[in-house]
Amino acid sequence: MPIPTSMIDPFGRSVSYLRVSVTDRCDFRCTYCMAEDMTFLPKKDLLSLEELDRLCTVFVEKGVRRLRLTGGEPLVRKNIMHLVRQLSRHLASGALEELTLTTNGSQLYRFADELADCGVRRINVSMDTLDPDKFRAITRWGDLSRVMESIEAAERAGLKIKINAVALKGFNDTEIPSMIEWAHGRGMDMTVIETMPMGEIDADRTDQYLPLSQLRAELERRYTLTDIPFKTGGPARYVEVAETGGRLGFITPMTHNFCESCNRVRLTCTGTLYMCLGQDDAADLRHSLRASEGNELLSNAIDEAIGRKPKGHDFVIDRRTKRPAVSRHMSVTGG
Ligand code: SAM
Ligand code: SF4
């Protein structure tokens, strides 16, 4: 493979991180993410695993150094480990620095060993509460004991785990301290995320939205938080919690826009490339992928898309703005 040169967008940001939503389907229905009765894409519209591999490989050749598989739930896609195994060759060659995934943990117990064997070193597990009944309520369909089993399996496999929790007013705000202590006590980092207005859900987002500036102020009454320069390639800003010795990340798309340092683009399971999570503009790479056996058309289409990467999003959640900022759900482009 030729030495990758990185892709640079019109604002001088180098695009080195690709997130791939390998399926829009999921075995949970988290209330802030999906409506209970979701219509998913017809299976025939999905790219095959071979096509996803080809697309990801072109991105790696063009300078992507980090690849995150997400969804929907990535581990419900049939034969997903075949794709992970294929992509791991880019880790072995040194072209890719990191191959990772974000999962709800429902199936991870089955795949943890194989993921580690493929060179995956760390994973994000999404979990918004440690209470089994609340867990069932927020995911509608989830079983916390399965997720715990998965976390244990991942630990045994030597995977580094980060817990992602969406901060939800009146749901887990008072529980966040005990989640931090639990995660840090097990040597796991934790990140809290603000809800983003993506896709129609059954609830009113204004009722759920908890600004992390407020959560941080509350945590500071209990803990000593020190800003640290730690970075994982994503948008989280980290602090160290003196009392636990662990790291806590804040992802604050609403209260503190992080677009100026954005290094990412997002690919859907149908080959649509979104240059920004919070904007509708997208490029249809499936067409270029299928139009020719060589990768030149595809590479040109990617360059053209990166040339249109917008400066940032304009998410708003307030009582007057009832409609989501973008109509697609988070499960289409992945978190
Ligand atoms: N199913 C996997 C999971 O839950 O980890 C991967 C996909 S999920 C869409 C990725 C992340 O996005 C999860 O941590 C989830 O909590 C978060 N998420 C989903 N909808 C969101 C929203 N509207 N605002 C903020 N985060 C959201
Ligand atoms: Fe599924 Fe993840 Fe969305 Fe929950 S957040 S419904 S687990 S895709």
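Each remark here, short or long, concerns the structure printed above.
Below is a summary of the structure that appears in this document.

Thresholds, definitions, all that
Residues numbered from 1 in each chain as written. Chains lettered and ligands numbered in written order. Predicted model: local features only at pLDDT ≥ 70, side-chain atom pairs only at ≥ 80, totals over all residues. Heavy atoms only, no water. Pairing = 2+ DSSP bridges. Helix = DSSP H or I, 4+ residues; strand = E, 2+ residues; numbered from the N terminus. Axes fitted to C-alpha atoms, helices over the stretch in contact; angles between N-to-C directions. Contact = heavy atoms within 4.5 Å. Phe/Tyr/Trp six-rings, centres within 6.5 Å; stacked < 30°, edge-to-face > 60°. Buried < 20%, exposed > 50% of the residue type's maximum accessible area, 1.4 Å probe, protein only. Lys NZ or Arg CZ within 6 Å of the ring centre and 35° of its normal. Near = heavy atom within 4 Å. Polar contact = N/O pair within 3.5 Å; in protein donor to acceptor, adjacent residues only side chain to side chain. Areas by Shrake-Rupley, 256 points an atom, 1.4 Å probe, with all protein chains shown as cover. Nonpolar A, V, L, I, M, F, W, Y, C, P; charged D, E, K, R; others polar. Left-handed = near helix turned anticlockwise from the far one by under 90°. Right-handed = clockwise from strand over helix to strand, strands pointing away. Core = buried A, V, L, I, M, F, W, Y, C linked by side-chain atoms within 4.5 Å. Salt bridge = Lys/Arg side-chain N within 4 Å of Asp/Glu carboxyl O. Arc of directions from axis to C-beta.

1. Focus: the sheet that holds strand β6 (residues 122–126)
The strands making up a sheet are joined through hydrogen bonds of the backbone, oriented either antiparallel or parallel.
Then comes step 1: Spatial strand order, β9-β10-β11-β8-β7-β6-β5-β4-β3-β12-β13-β14: 12 strands in an open sheet with mixed pairing. Two strands in the sheet have a free side with no partner beyond their single neighbour: β9 (225–228) and β14 (282–284). The mean inter-strand angle of the sheet, taken between neighbouring strand axes irrespective of direction, is 25 degrees.
Then comes step 2: Contacts between helix α5 (residues 144–156) and the sheet are confined to β6 and β7 (160–166), with β7 contributing the most and set at about 150 degrees to the helix.

2. Examining the packing of aromatic side chains
Then comes step 1: This structure, assessed with the given rule, holds two aromatic pairs.
Then comes step 2: Ring plane angle 85 degrees and centroid distance 5.9 Å describe the contact between phenylalanine 28 and phenylalanine 135, whose orientation is recorded as edge-to-face. Taken together, the positions of phenylalanine 28 in the loop between β3 (17–21) and α1 (49–61) and phenylalanine 135 in helix α4 (residues 132–139) put the pair 107 residues apart, joining distant regions of the chain. Each member of the pair, phenylalanine 28 together with phenylalanine 135, is buried.
Then comes step 3: For the pair phenylalanine 230 and tyrosine 238, a centre-to-centre distance of 4.9 Å together with 80 degrees between the ring planes defines the contact as edge-to-face.
Then comes step 4: Positioned above the aromatic ring of phenylalanine 171, the side-chain terminus of lysine 134 is 5.0 Å from the ring centre.

3. Description of the site of ligand 1
Then comes step 1: The immediate surroundings of ligand 1 are formed by 17 residues, with Tyr32, Gly72, Thr102, Ser126 and Met196 found nearest.
Then comes step 2: Within the side chain of glutamate 73, a nitrogen or oxygen atom sits 3.3 Å from a nitrogen atom of ligand 1.
Then comes step 3: Methionine 196 is positioned with one of its backbone polar atoms (N or O) 2.7 Å from a nitrogen atom of ligand 1.
Then comes step 4: With the chains in place, 96% of the 540 Å² that ligand 1 exposes on its own is no longer accessible.
Then comes step 5: Partitioned by chemical class, the residues of the shell around ligand 1 number five nonpolar, nine polar and three charged.

4. A closer look at the site of ligand 2
Then comes step 1: Close to ligand 2 lie Cys26, Phe28, Arg29, Cys30, Cys33, Met34, Gly72 and Asn104, which account for all nearby residues.
Then comes step 2: Of the residues assigned to the shell around ligand 2, the class counts are five nonpolar, two polar and one charged.

5. Observations concerning the packing of α1 against helix α10 (residues 296–306)
Then comes step 1: Running from amino to carboxyl end, α1 crosses α10 at an angle of 65 degrees, the nearest separation of the two axes being 11 Å. In the crossing of α1 with α10, the sense of the turn from one axis to the other is right-handed. Mapping the contact onto sequence places Leu55, Val58 and Phe59 in α1 and Leu298, Ser299 and Ile302 in α10.
Then comes step 2: For the contact of α1 with α10, the residue count by class is five nonpolar, one polar and no charged.

6. Some thoughts on the pairing of strand β8 (residues 189–193)
Then comes step 1: Burial analysis of β8 places five of its five residues in the buried class, which makes it a mostly covered element.
Then comes step 2: Side chains Asp189, Thr191 and Ile193 project from β8 onto one buried face, and the interleaved Met190 and Val192 project onto a second face that is buried too.
Then comes step 3: In this structure, β7 lies alongside β8, joined through five bridges in parallel fashion. Looking across to β8, one finds that valine 166 is bridged to isoleucine 193.
Then comes step 4: For the handedness criterion, the β-α-β arrangement of β7, helix α6 (residues 176–185) and β8 is classed as right-handed.
Then comes step 5: Across four bridges, β8 lies against strand β11 (residues 246–251) in parallel orientation. When the sheet's bridge partners are listed, valine 192 is paired in β11 with phenylalanine 250.

7. Observations concerning unusual backbone geometry
Apart from glycine, the bulk of residues carry a negative phi angle, and the bulk of peptide bonds sit in the trans form.
Then comes step 1: Look at asparagine 79: it is not a glycine, yet its phi comes out positive at around 60 degrees.
Then comes step 2: Phi is positive for arginine 140, which is not a glycine, with a value near 65 degrees.
Then comes step 3: Mapping arginine 140 onto the fold places it in the loop between α4 and α5.
Then comes step 4: Residue arginine 140 is classed as buried on the basis of its relative accessible area of 17%.

8. Topic: the nonpolar core
Then comes step 1: Leu18, Phe59, Ile163, Met190, Leu273 and Leu285 are the most contacted members of the largest nonpolar core, which totals 102 residues.
Then comes step 2: Top element by residues in this core is α1. It accounts for seven residues.
Then comes step 3: Excluding anything up to four places from it in sequence, phenylalanine 59 contacts Met7, Leu18, Val64, Val265, Leu273, Leu285 and Ile302.

9. Considering the pattern of salt bridges
Then comes step 1: Inspection of every chain in the model, using the stated rule, returns 22 salt bridges.
Then comes step 2: Between arginine 13 and aspartate 9 there is a salt bridge, with its nearest N and O atoms 2.7 Å apart.
Then comes step 3: Its relative accessible area of 4% is what places aspartate 9 among the buried residues.

10. Some points on helix α3 (residues 108–117)
Then comes step 1: Inspection of α3 places Leu108, Phe111, Ala112, Leu115 and Ala116 among the buried residues, and these make up the whole buried set. For α3, the arc enclosing every buried residue in end-on projection is 140 degrees, short of the 170-degree limit, so these residues lie on one face. Residues of α3 that are exposed and point over 90 degrees away from its buried face: Asp113 and Asp117.
Then comes step 2: Glycine 119, located one to two residues past α3, shows a positive phi value of around 100 degrees.

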